[in-house]
Amino acid sequence: MSASAPVRADGRVAAARCPPGQPPRRGRSLTGGVLLLVGTLLLPLSLAAVWARAELTDTDSYVAAVAPLAGNRAIQNALVDDVTNSVMPHVRLDGLLKVVPRAERPALRRKFTRGIREFIGKQVRQVVTGRTFPSVWTGVHRTAHQTLDGTLSTSVDTPVTLDLTPVLERVKHQMSGNGLGIDIARRVPRTGASIVLLRPPDVPRFRAVFQAARTGALVLPPAAALCLLAGLLLARRRRRALICATAGCTVACALLAAALALVRTRVLDALPTSVSRPAADAYADALTDPLRTGVWCAVGTGALVLAIAAAGPPTARVLRAPPHPPAPTDSS
């Protein structure tokens, strides 16, 4: 006969009941398990939402992420190509070739074009490797991010571009110190060098992601924390629940890191061939570095907590043990 079962006056044993106001233990444990599962799934989503919101809505955060790219060799090479390509259509060689026999003009045109392109590229490289270029670079990206934020906050599907006009102006000033450069700089218009970041057909889809990130960054982190905390409080065996929840969160964050790498590869593979792949790699690394850092910090923290919880003493068993040996019962 169970010592905890009450005995009625007629000698029959009454069924044990749960204390008033408390759910049954089985239902309580099930609820705690469900909450821990939900919190585990929400944790990586919270990290992704907070990162997306910071990159899309915080101009200072975005500028700080891309500022080091001003000294990246791949970015500099891509800028040299883009700005040079925008200047070359304004080069006129017809006047120089008039005195050349018609049969010799194609070969001479190619030779002149190659030489002028090398000259312009050298002037552009001097600008993008100069001491003042980082300030120009951050100004260009600050303007582009403010335009992106304005486009996503409204219903107008306007394209978002990286306007390289400040770089082009520095190049024109650089070329003005040379006789050939003066003529080229005079012909180049004020605008015309830009990189399209977001085309009008892609704006609605990107706007939906923007709105989801803004909402998710405010809702998901507290929801994940509350679910994990409530799940641990409702669990009967909290040490085991802590180990399971920590292991689940660690695995979920590791899967997020793997998914991030997969998405990064697919997005870069889908870029047009005109986009420099090394430059795109540098951009992707700079923009996703905060998220990857946060994910791996969560994985490391989870692994540490898991190791401590798994190696710790079985406190639950100690607490359940009787403080004193039971008094001997009188067999008579």
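The paragraphs below set out a description of the structure included in this document. Remember, it's a predicted structure, so these values are computed and weren't measured experimentally.

## Some remarks on the overall build of the chain
Looking only at helices and strands, the chain has 12 helices and 2 strands in total. When the elements of the chain are put in sequence order from the N terminus, they spell out α-α-α-α-α-α-β-α-α-β-α-α-α-α. With 332 residues in all, the chain has 30% of them scored as buried. In the chain, of all internal contacts separated by at least 6 residues, the share reaching a separation of at least 24 is 79%. Summed over all atoms, the accessible surface of the chain reaches about 20700 Å², with 62% contributed by carbon and sulfur.

## Some thoughts on helix 11 (residues 277-311)
The largest bend in helix 11 amounts to roughly 50 degrees and is located at Thr288, with the proline Pro290 lying one to four residues further along. For helix 11, the set of buried residues is Ala279, Ala280, Ala282, Ala284, Ala286, Thr288, Leu291, Val295, Val299, Gly302 and Ala309.

## Concerning the pattern of salt bridges
Summed over all chains, the structure comprises 9 salt bridges. Ionic pairing is found between Arg199 and Asp202, a salt bridge with its closest N-O pair at 3.3 Å. Put simply, Asp281 and Arg264 hold a salt bridge, and the shortest N to O gap is 3.6 Å. Residue Asp281 is found in helix 11, and its partner Arg264 is found in helix 10 (residues 238-269); the two are separated by 17 residues along the sequence. You can call Arg264 partly exposed: its relative accessible area is 25%.

## Considering the side chain of Thr59
Mapping Thr59 onto the fold places it in helix 2 (residues 59-66). Other than its neighbours up to four places away in sequence, Thr59 contacts Arg142, His145 and Gln146.

## Concerning the environment of Val63
Within the secondary structure layout, Val63 lies in helix 2. The contact partners of Val63, leaving out residues within four places of it in the chain, are Thr138, His141 and Arg142.

## Some words on the layout of surface pockets
Put simply, the largest pocket is a space of about 2100 Å³. Here the element with the most residues in the lining of the largest pocket is helix 10; it accounts for 8 residues. Taken together, the residues of the lining of the largest pocket break down into 35 nonpolar, 5 polar and 8 charged.

## Topic: the packing of helix 3 (residues 73-87) against helix 11
Direction vectors running N to C along helix 3 and helix 11 enclose 130 degrees, while the axes themselves pass 8 Å from each other. Classified by the angle between their axes, helix 3 and helix 11 sit oblique to one another. For the crossing formed where helix 3 meets helix 11, the hand is left-handed. For the pair formed by helix 3 and helix 11, the contact residues are Ala74, Ile75 and Ala78 on the first element and Pro278, Ala279, Ala282 and Tyr283 on the second.

Procedures and definitions
- Residues numbered from 1 in each chain as written.
- Predicted model: local features only at pLDDT ≥ 70, side-chain atom pairs only at ≥ 80, totals over all residues.
- Heavy atoms only, no water.
- Helix = DSSP H or I, 4+ residues; strand = E, 2+ residues; numbered from the N terminus.
- Buried < 20%, exposed > 50% of the residue type's maximum accessible area, 1.4 Å probe, protein only.
- Contact = heavy atoms within 4.5 Å.
- Areas by Shrake-Rupley, 256 points an atom, 1.4 Å probe, with all protein chains shown as cover.
- Bend = angle between axes of the 7 residues up to and from the residue.
- Salt bridge = Lys/Arg side-chain N within 4 Å of Asp/Glu carboxyl O.
- 1 Å grid on protein atoms, 1.4 Å probe; cavity = no way out; pocket = protein on both sides within 12 Å on 5 of 7 lines; lining within 4 Å.
- Points joined across faces, edges and corners; volume = space filled by probe spheres on them.
- Nonpolar A, V, L, I, M, F, W, Y, C, P; charged D, E, K, R; others polar.
- Axes fitted to C-alpha atoms, helices over the stretch in contact; angles between N-to-C directions.
- Parallel < 35°, antiparallel > 145°, perpendicular 65-115°, else oblique.
- Left-handed = near helix turned anticlockwise from the far one by under 90°.

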